[in-house]
Amino acid sequence: MKSINLTRRTEIGANSYYLEMGGQRLVLDSGMHPKFEGEEALPNLNALGGRRLDAIIISHSHQDHIGTLPVLMRRQPQARVFMTEPTAEIGSTLLHNSVNVMTRQREDHGTTLYPLFTHRETDRISERWQSCALRQTYTLSGERVPANAGETTFEFFDAGHVLGSTGVLLRAEGRTVFYTGDVNFDDQTIARAAVFPEEKIDILIMECTRGDTPVPPTWSRAGEEKRLILAVENAFTRGGCVLIPVFALGKTQEVLAMLYKLRREKTLDFPIYIGGLSSKISEIYDRRAQMGRRQLLRLRLLDELRPFVLNSETIHDAGTRAGRVYALSSGMMTPKTLSNIFAQRIVDQPRHSIFFVGYADPESPAGILRNALPNEQVTIDPEEAPQRVRCHIDQFQFSAHASRESLIAFAERLAPEKILLAHGDPPAVEWMRARLALDLPKSEVIVPTPGMEIEL
C-alpha cells in the first residue's frame, strides 16, 4: 500500500492524493488552487510518473477538490470516475463557470495556459462520471458488491460539509483506509452533521483546516446566530448595508437559510442580493430540498427569499443601498469577483459592515481585510489603490469544517495504525500532529511530504 500527496505544498490548495492498494491505483480528488494560475494551480500530477490510474474518486465539488478533474481525466482517460449524484450536478456547473473565469483571465492578463479545459471538454467528460449512492460498496470498475467481496472497494459516507460531500472508505486485502475529505461533525442550518464509520480503520487521511483555531468555550451556533442578528440590526440602524463574502457552494445556501429563519421568526425582513453562480447552485439545493439528509427539508431558498441576482456586469450598477444584505462570492474575495468589487465601495465608509462567516486564507483579500486594524490601509485588489478600513468588520463562526476538537475525538475513537494529515496550513497541521502524537502514542502520525511516495 502506497501513497503520494499530490498537493504541491502543506496547505489548503489543489487537494489531490494518490493511493495504491490491492494492486490497483486511484486518486482522491483533483483540485484547483485558488491563489495560483496555470501549472501552479494544478496538483503535482507529474509525481504520478508513468502510473496508469484505475479510478478517480471525488469527495465533493468545491473547486479545491474538483477544479482540475478535466485535466486529470485527459491525462488518465482509462480511469473510472466516481462521485455522488449531487456532486456531479454541482461539479459540472462549477467547472463550466471555471472555464468562463479562466477565459476572462486569459483576456485580461494573458495567461496563455488558460483555459485549462473547455466547455465542450467539460460536457464530454461529465458523461463518463458514475454517480454512486451513500453507504453502498463499489469496486473500482463501478460494480456494487458486498462489503466483504475481497476486491478493492470504496464506500461513500455523508461528510456534513456541503450538499453531496463525502468521506471515502476504501477496503483492500483485509485493510481499510478512510479519507475524511472536508467534514463537519456539527449540524449547520441546512447540512446535517457527518455520519462516519466507527469500525476498525487501519489508515486515516484527515483534514486539518481548523487545526490552529480552538472553539471558544462559550460558543454555540444558536448564540452565534443571535449575535449575527444583532450585528445586522446595528448596521441597518447606522444607515448602512452588510456585505457577507461567501462561497457560491455551501456558504451561500447556509447564509440564505439563516436569513430565512430571521424572516420566519419576524425578527428582520430586508432585501437580499446574491451572485449568479450562487443562484445556480441554490437552484440545485432547491431541487433536492426533500432528498437526502438535510435540515429544513421543504425549504426552497429562491422561492422563499426571492433574492436579487447580480453578475459581473450588473455589479457595476448596484449601489450600496442601506438596509440590505449582499451575500456575494467569492468567499476569499478574490480580485474581480463580486465580493471584492463591492467591498471596495464600502470598506472606507463607517456606516457599512462586512461580516465574515467562514474560513479565509490569511493571504487572501478576505483574510487581509478580516485581520486589518481600524484605519489601516489595505489593498484588496493589486490593480487598485489602497484604502483605509473604516467600515465595521466582524467575524462569525459558522465554519463548514469540523473543529479541531471533534477531529481529535474522531481519530481517538478509531485509533488507527497510521494517520495522514491533509488539507491544512502548516500551523494547523502541526498543532494536529503534536496533539495526536500525544493522545495516540500507538498511532503513527504522518505529515506527507508533497510529491514523495510513502510506503504504508
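In case you missed it, the structure is sitting above this.
In what follows, the accompanying structure is described. (Residues numbered from 1 in each chain as written. Predicted model: local features only at pLDDT ≥ 70, side-chain atom pairs only at ≥ 80, totals over all residues. Heavy atoms only, no water.)

A word on the nonpolar core
Definition in use: As used in this record, nonpolar core signifies buried Ala, Val, Leu, Ile, Met, Phe, Trp, Tyr and Cys residues forming a set joined through side-chain atoms within 4.5 Å. Here's how the labels work: a residue is buried when its accessible area is under 20% of the maximum for its type, exposed when over 50%, partly exposed in between, all with a 1.4 Å probe on protein chains only. Each helix corresponds to a stretch of at least 4 residues labelled H or I by DSSP, and each strand to a stretch of at least 2 residues labelled E; elements are numbered beginning at the N terminus. By the convention used here, residues are in contact when the closest approach between their heavy atoms is within 4.5 Å.
Counting residues in each nonpolar core, the largest one holds 40 residues, and the members touching the most others are Val 232, Ile 244, Val 255, Phe 270, Val 325 and Phe 355. When contributions to this core are tallied by element, the ones reaching two or more residues are α3 (85-109), α5 (221-237), β12 (242-245), α6 (251-264), β13 (272-275), α7 (276-287), α8 (301-305) and β15 (325-328). Discounting residues that sit within four places of it in the chain, Phe 355 has contacts with Leu 228, Ala 231, Val 232, Val 242, Leu 243, Ile 244, Pro 245, His 392, Asp 394 and Phe 396. Of all hydrophobic cores here, the second largest spans 30 residues; its members include Leu 42, Met 73, Met 102 and Tyr 114.

Looking at the side chain of Ser 329
Within the secondary structure, Ser 329 sits in the loop between β15 and α9 (338-346). Every residue in contact with Ser 329, bar those within four places of it in the chain, is listed here: Val 246, Ala 248, Ser 278, Thr 337, Leu 338 and Ser 339.

Description of the pattern of salt bridges
Let me state the cut-off plainly: Just to be clear on terms, a salt bridge is a Lys or Arg side-chain nitrogen sitting within 4 Å of an Asp or Glu carboxyl oxygen.
Under the counting rule described, the total for this entry stands at 33 salt bridges. For Arg 287, the salt bridge identified is with Glu 89, shortest N-O distance 2.4 Å. Placement of Arg 287 in helix α7 and of Glu 89 in helix α3 is noted, with a sequence separation of 198 residues between them. Since its relative accessible area comes to 26%, Glu 89 is described here as partly exposed.

Re α9
With eight of nine residues buried, α9 is to be regarded as a mostly interior element. When we look at burial in α9, the residues that qualify are Leu 338, Ser 339, Asn 340, Ile 341, Phe 342, Ala 343, Gln 344 and Ile 346.

Considerations on unusual backbone geometry
Of note, the amide linkage connecting Tyr 114 to Pro 115 takes the cis form, showing an omega dihedral of -10 degrees. Here Pro 115 lies in the loop between α3 and α4 (119-126). Here the residue pair Ser 329 and Ser 330 is connected by a cis peptide bond, since its omega of 15 degrees sits within 30 degrees of zero. Along the chain, Ser 330 turns up in the loop between β15 and α9. Although it is not a glycine, Leu 296 sits at a positive phi angle of roughly 50 degrees. Mapped onto the elements, Leu 296 comes out in the loop between α7 and α8. Located in the positive-phi region is Met 333, a residue other than glycine, with phi close to 55 degrees. Here Met 333 is to be found in the loop between β15 and α9.

Some points on the sheet that holds β15
Operational definition: Strands were regarded as paired on the criterion that DSSP finds at least two bridges between them. Here an axis means a line fitted to C-alpha atoms, over the contact stretch when the element is a helix, while the angle between two N-to-C directions is reported on a 0 to 180 degree scale.
Reading across the sheet, the six strands line up as β14-β13-β15-β12-β16-β19 and stay open at both edges, with parallel pairing between neighbours. Both outer strands of the open sheet, β14 (308-310) and β19 (392-395), are each paired with one neighbouring strand and no more. The sheet shows a mean angle of 20 degrees between the axes of neighbouring strands, direction not considered. Note that β13 and β14 share three bridges and pair parallel. Bridging from a neighbouring strand, Gly 275 pairs with Leu 310 of β14.

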